[in-house]
Amino acid sequence: MPFMSQRSKLDLTTEEVNKLEKIIHSRTESVSHIERAKMLLFYHKGETIASIARILETNRAKVERHMVYSHQLFLDLFLIVLTLVLKFISHSPDGFYIFRI
C-alpha cells in the first residue's frame, strides 16, 4: 500500500498559483523567495515533502519548516479575518444574525 500523507492539502486559487509562478520566473526576487514559491507549488501539485526536497536538492527539514510556516500563516490570516467578522456579527434572541456596522 502506498504512503498516504496525513498533512492537509494546500489548496491555492488560480490567482495564487499565477502569483507563485510569477515569483519563480522573476529575475529580481530573492533566491529564498523563489525557492519557497517552488516548494509551495510542488506541494500544491501533490508532491510529498521528501520528493520536494529531492527535486530542489535541499533537505527535508527545510521543506517541512516552510510548509508548516505557510500553513500557520494561512491559519493566522483566517483567524484574523474571523475575529474581524465576529466583531460585526451578533446573535439575536430570535435566532437571526445581526450585522453591526
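Residues numbered from 1 in each chain as written. Predicted model: local features only at pLDDT ≥ 70, side-chain atom pairs only at ≥ 80, totals over all residues. Heavy atoms only, no water.

Student: Even after reading the chapter, I still don't get the overall build of the protein chain, so can you show me in this structure?
Tutor: Summing up its helical and strand segments, the protein chain has four helices and two strands in all. Along the protein chain, from the amino end to the carboxyl end, the secondary structure elements read α-α-α-α-β-β. Within the protein chain, the fraction of its 101 residues that count as buried is 22%. Within the protein chain, contacts between residues at least 6 apart in sequence are counted, and of these 33% link residues at least 24 apart. Here the protein chain has roughly 8,200 Å² of accessible surface; of this, 62% comes from carbon and sulfur atoms. (Helix = DSSP H or I, 4+ residues; strand = E, 2+ residues; numbered from the N terminus. Buried < 20%, exposed > 50% of the residue type's maximum accessible area, 1.4 Å probe, protein only. Contact = heavy atoms within 4.5 Å. Areas by Shrake-Rupley, 256 points an atom, 1.4 Å probe, with all protein chains shown as cover.)

Student: Would you explain helix α1 (residues 14–24) in this entry?
Tutor: Given 3.6 residues per turn, any residue in an α-helix points the same way as the ones three and four places further on. Listing the buried residues of α1 in full gives Val17, Leu20 and Ile24. In an axial view of α1, the angular spread of the buried residues amounts to 65°, which keeps them on one side of the axis. Projecting away from the buried face of α1 at angles above 90 degrees are the exposed residues Glu15, Lys19 and Lys22. On the buried face of α1, the contacting elements are α2 (31–44). (Arc of directions from axis to C-beta.)

Student: Which parts of the structure should I look at to understand unusual backbone geometry?
Tutor: When glycine is set aside, most residues are seen to have a negative phi, and most peptide bonds are trans. Unlike most non-glycine residues, Glu57 shows phi in positive territory, near 55°. Structurally, Glu57 is set in the loop between α3 (49–55) and α4 (60–87).

Student: Would you mind showing me how to read the confidence of the model for the protein chain here?
Tutor: Predicted coordinates in areas of low pLDDT are best not read in detail. Per-residue confidence for the protein chain gives a mean pLDDT of 78, with 65% of residues at or over 70. No element of the protein chain has a lower mean pLDDT than strand β2 (residues 97–99), at 58, and none a higher one than α3, at 93. (pLDDT = per-residue confidence, 0-100.)

Student: I tried to follow the nonpolar core on my own but got confused; where do I start?
Tutor: As a rule of thumb, soluble globular proteins bury nonpolar side chains together. Membership of the largest hydrophobic core comes to 16 residues, with the highest contact counts inside it found for Leu20, Met39, Tyr43, Ile52, Val63 and Met67. Considering each element in turn, this core owes the most residues, five residues, to α2. For Ile52, the contacting residues outside a window of four places in its chain are Met39, Phe42, Tyr43, Glu47 and Val63. (Core = buried A, V, L, I, M, F, W, Y, C linked by side-chain atoms within 4.5 Å.)

Student: Would you mind going over the packing of α1 against α2 with me for this structure?
Tutor: Geometry of a packed helix pair, given as the angle between the helix axes and the separation of the axes. Where α1 meets α2, the closest approach of the two axes is 8 Å, and the angle between their N-to-C directions is 140°. Relative to α2, the element α1 lies oblique. Crossing hand, α1 versus α2: left-handed. Together, Val17, Leu20, Glu21, Ile23 and Ile24 of α1 and His33, Ile34, Ala37, Lys38, Leu40, Leu41 and His44 of α2 make up the contact between the two elements. (Axes fitted to C-alpha atoms, helices over the stretch in contact; angles between N-to-C directions. Parallel < 35°, antiparallel > 145°, perpendicular 65-115°, else oblique. Left-handed = near helix turned anticlockwise from the far one by under 90°.)

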